[in-house]
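# A structural walkthrough
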Amino acid sequence: MSVWLSPQGILKRCLLLCRRRFSWNLSARRDFSLHYELFSDQDTRRVAFLKPISVRFYSEVLEEPGEHAASNPGRPTKRRSLYMDLLLRCSSPSDVLDLTCQYAPTADQVGKSLSQMWTLTKAMSEEQRRLELRLMFDHPAFEKLLQVAIKSLKNMRDDGVVYSLLALVKLGVPQQSRVVQIFLLACQEKLNSFDGKCLTILATTLEHMQRSENVDALKSGMRLIVETRFPQMRNVSGLQTLMRVMGKDAPKALKWKMEKKALSMSDEFSLPNTQYMLITMAAIGLQSKPLMDVCSKKILEELYGIPYNRLLAVLHAYKDLRYKDSTFLMGVSDHLASTLDIWTVKQVILLLSLFEEMDFYPPALMEAFAEKVMENPKALALRDILCVIKVYSSLNVDLAENRQQFLESLDEALEDYLPKMSAFELLKTVYCFCLLGHFPHGPLEKLLQDSTLEMLESSDPKFLMWHQKMMQTISSCLTLDHPVLPELSSIPPSLLGEPHVASKPGHPTLLQALLSVTASQEDVTLEESVLVENVYLLDCVVTLGQSRVADSSCSTEPPPVDGDKRRIAVLCPPQRHFCLGTSHPRGPLAVKIRHLKILGYDTILVSERQLQSEETLTDFLRQHIFPKHHIDSNEI
């Protein structure tokens, strides 16, 4: 068959036939697409189709314009090669390597191939990723691809170089290998031409690399680039990019300059800028209270515009920066409590766990969430139950009337999981319940079974101390709280170990203040560092005789006393034993106070801040030890 066509028409017709032929066989990934050599007679311009040639000579086949392009004829058509089409269809790193065997990738396509291999492994499970990476390293084309990557470096664009290096590191290519070191050298050569995006990618890569001469030189060069560029920076996003490039190892002087620059631009912060600034500060370890105060104020004003994942990231940043602002956290928790219905149970549990790590007690949120748990306790998974018990016991949550119902709901949710729980999970669950003064029969019986105790005894020595500490607390609670329980096995002495009594030096200021208060009083005894029940160490104990009890009593229900005496335990616990910004005791301290009350002690808690002024502390102690005398003296 012969047709009359111009040379341009002939080429267009051939390319169209080639693409159709290729698409028919694309699903089988076989290179059966054929093009045809063209021969024309000079006189008659007749065209004949003769022998086939490989499609590789036409690897850059253009896509057909879509509907959008047809409606905008003046707009340039987006083009993508056949190689890229096939690359996006690959489902594993080995598929990508097979593709590089069939087609010769260009310099840009080499970088995209490495990036695609890393992208594919990210979406896999841990076991599948391990298997695929082993197949990748054993593939005969992998070494060849790395050689091609080295040869293609001079023709790669800047973003291709940094993305390729990131992919090599993430895929597990040895960092001291020739290919990685050559890419590091290439980054050093191109460093001055890198834009903010390339610098950010490179900084992310270097965070995952071990120290070496090339890595250290590159980090130093990047810091010089940052110092050169940031004074001229006029937009917040660019400044944040340069801040992330600095990394945690940046000199303090440079971080101080960045902080000053960020504060000068704080009026331009949008809500996304504010959130990302906190995340950036956490990433580089920049603890700037003025900057965090600015961000906190902005976030509190627009809490309703922050999605859950971003709010979680912001709170993680605050935790990493050790920024503990009870006003800000209370605003966030109240917002969560008022919008509790739009959050899932797992979302709320994650936030509660984060609050607990920051020592923050959000009463409104915890009460609202407790009601939600009581409505449907069976909806909680085992991990959720364990987390809820831990948080509520650690923060010593007081639910008033709903307390017992809430704890029984957790018991009900836990019943189905008891056979599946490990020995350590049982120990931690019972320990947390004991902190709350709750003693469920099922978990206790299973914990004190011989098989469970043997597993705990045979645990790793580095964990045995923590097991013993929790067992001592459980034993003390069973002894002093006197719960009504069926007959249980006793705890073996090996799991109780020696009592772990916190030994600490006395507080001279506290002792001096107590001496000032009690020295002029008759029938009053003062003791320092008193050990009770071989478990609890008390800083000081003030014992009031019969003649002083009436003057000191200010409670309508005085605690049990020994004879006619009244004993007052004065405790000065560290600040971490209180919830953030309050005098609300956390779990272990709350148990200690509860047990001291059972043993006949009143308790006075002295904070570390009160120790800073002896005069203020003396007045505080006099008011609590001799309240009637204090009132009378004030009236005079």
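Above this text you will find the structure in question.
Here is a short report on the structure shown in this document.

The rules behind each value
Residues numbered from 1 in each chain as written. Predicted model: local features only at pLDDT ≥ 70, side-chain atom pairs only at ≥ 80, totals over all residues. Heavy atoms only, no water. Helix = DSSP H or I, 4+ residues; strand = E, 2+ residues; numbered from the N terminus. Buried < 20%, exposed > 50% of the residue type's maximum accessible area, 1.4 Å probe, protein only. Contact = heavy atoms within 4.5 Å. Areas by Shrake-Rupley, 256 points an atom, 1.4 Å probe, with all protein chains shown as cover. Expected span 1.5 Å × (residues − 1). Pairing = 2+ DSSP bridges. Axes fitted to C-alpha atoms, helices over the stretch in contact; angles between N-to-C directions. Phe/Tyr/Trp six-rings, centres within 6.5 Å; stacked < 30°, edge-to-face > 60°. Patch = residues over 30% accessible without salt bridge, like charges linked within 9 Å, V, L, I, M, F, W, Y side chains within 5 Å. Salt bridge = Lys/Arg side-chain N within 4 Å of Asp/Glu carboxyl O. Lys, Arg positive; Asp, Glu negative; His and termini not counted. Charge placed at Lys NZ, Arg CZ, Asp CG, Glu CD. Core = buried A, V, L, I, M, F, W, Y, C linked by side-chain atoms within 4.5 Å. Parallel < 35°, antiparallel > 145°, perpendicular 65-115°, else oblique. Left-handed = near helix turned anticlockwise from the far one by under 90°. Polar contact = N/O pair within 3.5 Å; in protein donor to acceptor, adjacent residues only side chain to side chain.

### A short note on the overall build of the chain
- Secondary structure summary: the chain contains 31 helices and six strands in total.
- By residue count, 45% of the 636 residues in the chain fall in the buried class.
- By sequence separation, contacts in the chain at least 24 residues apart represent 69% of the contacts at least 6 residues apart.
- Put simply, the chain shows about 33,900 Å² of open surface, and 52% of that area lies on carbon and sulfur atoms.

### Let's talk about helix 8 (residues 158-170)
- Taking 1.5 Å of rise per residue, the 13 residues of helix 8 would be expected to cover 18 Å, and the 19 Å separating its terminal C-alpha atoms lies within 8% of that figure.
- For helix 8, the full list of buried residues reads Gly160, Val161, Val162, Ser164, Leu165, Leu166, Ala167, Leu168 and Val169.
- Along its buried surface, helix 8 packs onto helix 5 (107-122), helix 7 (140-152), helix 9 (178-190) and helix 10 (196-207).
- Glycine 172 occupies a position one or two residues after helix 8 and carries a positive phi of about 90°.

### Some points on the sheet that holds strand 4 (residues 536-544)
- Spatially, four strands are ordered 3-4-5-6 in an open sheet, and the strand pairing comes out mixed. The open sheet is flanked by strand 3 (524-532) and strand 6 (601-605), the only strands paired with a single partner. The mean angle between the axes of side-by-side strands here comes to 30°, regardless of whether they run parallel or antiparallel.
- Across five bridges, the pairing between strand 5 (residues 566-571) and strand 6 is parallel. For arginine 567, the partnering residue across the bridge sits in strand 6 and is tyrosine 601.

### Points about the packing of aromatic side chains
- Following the criterion strictly, the structure yields six aromatic pairs and no others.
- Ring centres of tyrosine 308 and tryptophan 343 lie 5.6 Å apart, and the angle between their planes is 45°; this geometry places the pair in the tilted category. Here tryptophan 343 lies in the loop between helix 17 (326-338) and helix 18 (345-357) and tyrosine 308 lies in helix 16 (residues 308-320), a separation of 35 residues in the sequence.
- Judged by centre distance (4.6 Å) and plane angle (55°), the rings of tyrosine 318 and phenylalanine 328 are tilted. Separated by ten residues along the polypeptide, tyrosine 318 in helix 16 and phenylalanine 328 in helix 17 bring together distant segments of the chain. As far as the burial class goes, tyrosine 318 and phenylalanine 328 line up, both buried.

### Remarks on unusual backbone geometry
- We note that serine 529 has phi near 55°; this positive angle belongs to a residue other than glycine.
- With respect to the element layout, serine 529 can be found in strand 3.
- Despite not being glycine, asparagine 534 has its phi angle at roughly 60°, a positive value.

### Looking at the pairing of strand 3
- Sheet topology places strand 3 next to strand 4; eight bridges connect them, and they run antiparallel. In the strand pairing of strand 4, leucine 526 is matched with valine 542.

### Examining a negative patch on the surface
- Taken together, the side chains of Asp341, Glu367, Glu371, Glu375 and Asp398 make up a negatively charged region of the molecular surface.
- Residue position: glutamate 375 is located in helix 19 (residues 363-375).

### Section: the nonpolar core
- Residues Leu202, Tyr318, Tyr392 and Phe406 are the most contacted members of the largest nonpolar core, which totals 156 residues.
- The leading source of residues in this core is helix 22 (residues 423-435), at nine residues.
- If sequence neighbours within four positions are ignored, phenylalanine 406 has contacts with Ala370, Val373, Met374, Val388, Tyr392 and Leu399.
- By size, the runner-up hydrophobic cluster in this structure holds 19 residues, among which are Leu510, Leu514, Cys540 and Phe626.

### Digging into the packing of helix 13 (residues 252-264) against helix 15 (residues 289-301)
- The interhelical angle for the contact between helix 13 and helix 15, taken along N-to-C directions, is 30°, at an axis separation of 10 Å. Our classification of the angle between helix 13 and helix 15 gives roughly parallel. At the point where helix 13 passes helix 15, the crossing takes the left-handed sense. The segment helix 13 lies against helix 15, with Glu259, Ala262 and Leu263 engaging Pro290, Leu291 and Val294.

### So, a nonpolar patch on the surface
- Together, Phe463, Met465 and Trp466 give the surface a local cluster of nonpolar side chains, amounting to about 330 Å² of exposed area.
- Summarising the element assignment, tryptophan 466 is placed in helix 25 (residues 461-480).

### Section: the pattern of salt bridges
- On inspection of all chains with the given rule, the structure shows 16 salt bridges.
- A salt bridge links aspartate 293 to lysine 289; the shortest N-O distance between them is 3.1 Å. Residue aspartate 293 and its partner lysine 289 are both found in helix 15; the two are separated by four residues, about one turn of the helix.
- For lysine 289, a relative accessible area of 51% translates into the label exposed.
- Residue glutamate 356 is joined to lysine 390 by a salt bridge in which the shortest nitrogen-to-oxygen separation is 2.9 Å. Of this pair, glutamate 356 sits in helix 18 while lysine 390 sits in helix 20 (residues 382-394); the two residues are 34 residues apart in sequence, bridging distant segments of the chain.
- Taken together, the shared-partner salt bridges connect Lys324, Glu356, Asp359, Lys390 and Arg586 into one network.

### Notes on the side chain of histidine 139
- As for its placement among the helices and strands, histidine 139 is situated in the loop between helix 6 (126-138) and helix 7.
- Taking relative accessible area as the criterion, histidine 139 reaches 15% and is therefore assigned buried.
- There is a polar contact of 3.0 Å between the side chain of histidine 139 and the backbone nitrogen of alanine 141.

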